[in-house]
Amino acid sequence: MSAAVHRLYLAGNSPAHRSPTEAKIVCAVVAVFAVVATPRELLWPFGCYALGLVALWRWWGIGLRWIGPRLLIELPFVVLAILLPFAAGEPRTDIFGLSLSVTGLYAAWGIIAKGTIGVGISLTLAATTSVRSLPEGLTRLHVPGTIVMIVVLMLRYVDVLVAEAARMRLARISRGDDPRTLRQAGATARGAGTLFLRSYERGERVHLAMLSRGFDGTVPDVGTPPATRRQWLLGCLPAAAAIAVCAGAWMVR
């Protein structure tokens, strides 16, 4: 397993770690859809989602110090959301002397609340699911084999490409280049193009090596048993709770 993947997977022996991968994937997808479908005008449903996530993190041994820095991946969307109350149209309201759009405020709240909870659900899935079991779970959910292979190779070689980019950057700096200055934008663009070509050539070599070893386009089974009916029911309980909160929000809206 690559070093980049280790930063997302948190080894443990919690019920979520032991749960079949296919059940966890379905649970996470359904929960995200429930969060997205929740009316943004209400505050309490998102509080329920957040409290539920924190409770699950505590139960499954996922610390806030581990999950917190990884939530920063949504920071660009948060910056965009903050600008919406200033850019949207009527009706408007005054808050602390600022004229803000009501529609923009709701839109910003929806992006931040739903985005944060959605990223939290995704990180929870990544923290409790090893990369080794992910292809098998996707295959059991009848995801097309081509997509499964793309996911597998992306997870396997993303750190290889990052290391290659770091070596190219180090080589430029050792030759007196400063990639932080604007006048080096052209060299940075050429470096990105070179990295793309190297990645493409590496991918062709890897594919040829796989074919020479008998690869037939399918992901081999690692031998773990499929999810039982009881495991499906227990694994999808968080998703069922999210659906219940979403339905309750629409009923009282």
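Above this note sits the structure.
Attention here is on the structure that accompanies the text. In this text the structure is predicted, and so the values were computed from the model without any measurement. (Residues numbered from 1 in each chain as written. Predicted model: local features only at pLDDT ≥ 70, side-chain atom pairs only at ≥ 80, totals over all residues. Heavy atoms only, no water.)

Remarks on the packing of aromatic side chains
- Applying the stated criterion to the full structure yields three aromatic pairs.
- Seen from their ring centres, Phe46 and Tyr49 are 6.1 Å apart, and the 70° between their planes marks the pair as edge-to-face. Placement of the pair is Phe46 and Tyr49 together in helix 4 (residues 44–60), with a separation of three residues, close to one helical turn. For the pair Phe46 and Tyr49, a shared accessibility class is recorded, and that class is buried.
- The ring of Trp66 carries Arg70 above its face, with NZ or CZ at 4.2 Å from the centroid. (Phe/Tyr/Trp six-rings, centres within 6.5 Å; stacked < 30°, edge-to-face > 60°. Helix = DSSP H or I, 4+ residues; strand = E, 2+ residues; numbered from the N terminus. Buried < 20%, exposed > 50% of the residue type's maximum accessible area, 1.4 Å probe, protein only. Lys NZ or Arg CZ within 6 Å of the ring centre and 35° of its normal.)

Here we look at the pattern of salt bridges
- Under the definition given, this model contains two salt bridges.
- Across the pair Glu22 and Arg140 runs a salt bridge whose closest N-O atoms are separated by 3.5 Å. With Glu22 in helix 3 (residues 21–37) and Arg140 in helix 8 (residues 134–140), this residue pair connects regions lying 118 residues apart in the sequence.
- Classification of Glu22 as buried rests on a relative accessible area of 4%.
- Looking at Arg140, the relative accessible area reads 24%, which means it is partly exposed.
- By sharing partners, the salt bridges in this structure join Glu22, Glu136 and Arg140 into a single network. (Salt bridge = Lys/Arg side-chain N within 4 Å of Asp/Glu carboxyl O.)

Focus: a nonpolar patch on the surface
- Together, Trp44, Met251 and Val252 make up a nonpolar patch on the protein surface, roughly 370 Å² of accessible area in all.
- As for its placement among the helices and strands, Met251 is situated in helix 12 (residues 237–252). (Patch = residues over 30% accessible without salt bridge, like charges linked within 9 Å, V, L, I, M, F, W, Y side chains within 5 Å. Areas by Shrake-Rupley, 256 points an atom, 1.4 Å probe, with all protein chains shown as cover.)

Topic: the packing of helix 4 against helix 12
- Direction vectors running N to C along helix 4 and helix 12 enclose 165°, while the axes themselves pass 10 Å from each other. Looking at the two axes, helix 4 sits roughly antiparallel to helix 12. Relative to helix 12, helix 4 is oriented so that their crossing is right-handed. Packed against helix 4, whose contacting residues are Trp44, Pro45, Cys48, Tyr49 and Leu56, the element helix 12 presents Pro238, Ala242, Val245, Cys246, Gly248, Ala249 and Val252 at the interface. (Axes fitted to C-alpha atoms, helices over the stretch in contact; angles between N-to-C directions. Parallel < 35°, antiparallel > 145°, perpendicular 65-115°, else oblique. Left-handed = near helix turned anticlockwise from the far one by under 90°. Contact = heavy atoms within 4.5 Å.)

Brief notes about the packing of helix 6 (residues 75–87) against helix 7 (residues 102–128)
- The contact between helix 6 and helix 7 brings their axes to 7 Å, and the two run at 165°. By the criterion of interaxial angle, the relationship of helix 6 to helix 7 is roughly antiparallel. For the element pair helix 6 and helix 7, the recorded crossing hand is left-handed. Along the contact surface, helix 6 presents Phe77, Val78, Ala81, Leu84 and Pro85, while helix 7 presents Gly104, Leu105, Ala107, Ala108, Ile111 and Ile112.
- Taken together, the residues of the contact of helix 6 with helix 7 sort by class into ten nonpolar, one polar and no charged. (Nonpolar A, V, L, I, M, F, W, Y, C, P; charged D, E, K, R; others polar.)

Description of the environment of Tyr106
- Relative to the helices and strands, Tyr106 is located in helix 7.
- Assessed through its relative accessible area of 35%, Tyr106 is described here as partly exposed.
- Placed 25 residues apart in sequence, Tyr106 and Ala81 show a C-alpha to C-alpha distance of 9.8 Å.
- When residues no more than four places from it in sequence are discounted, the contact partners of Tyr106 are Arg40 and Glu41.

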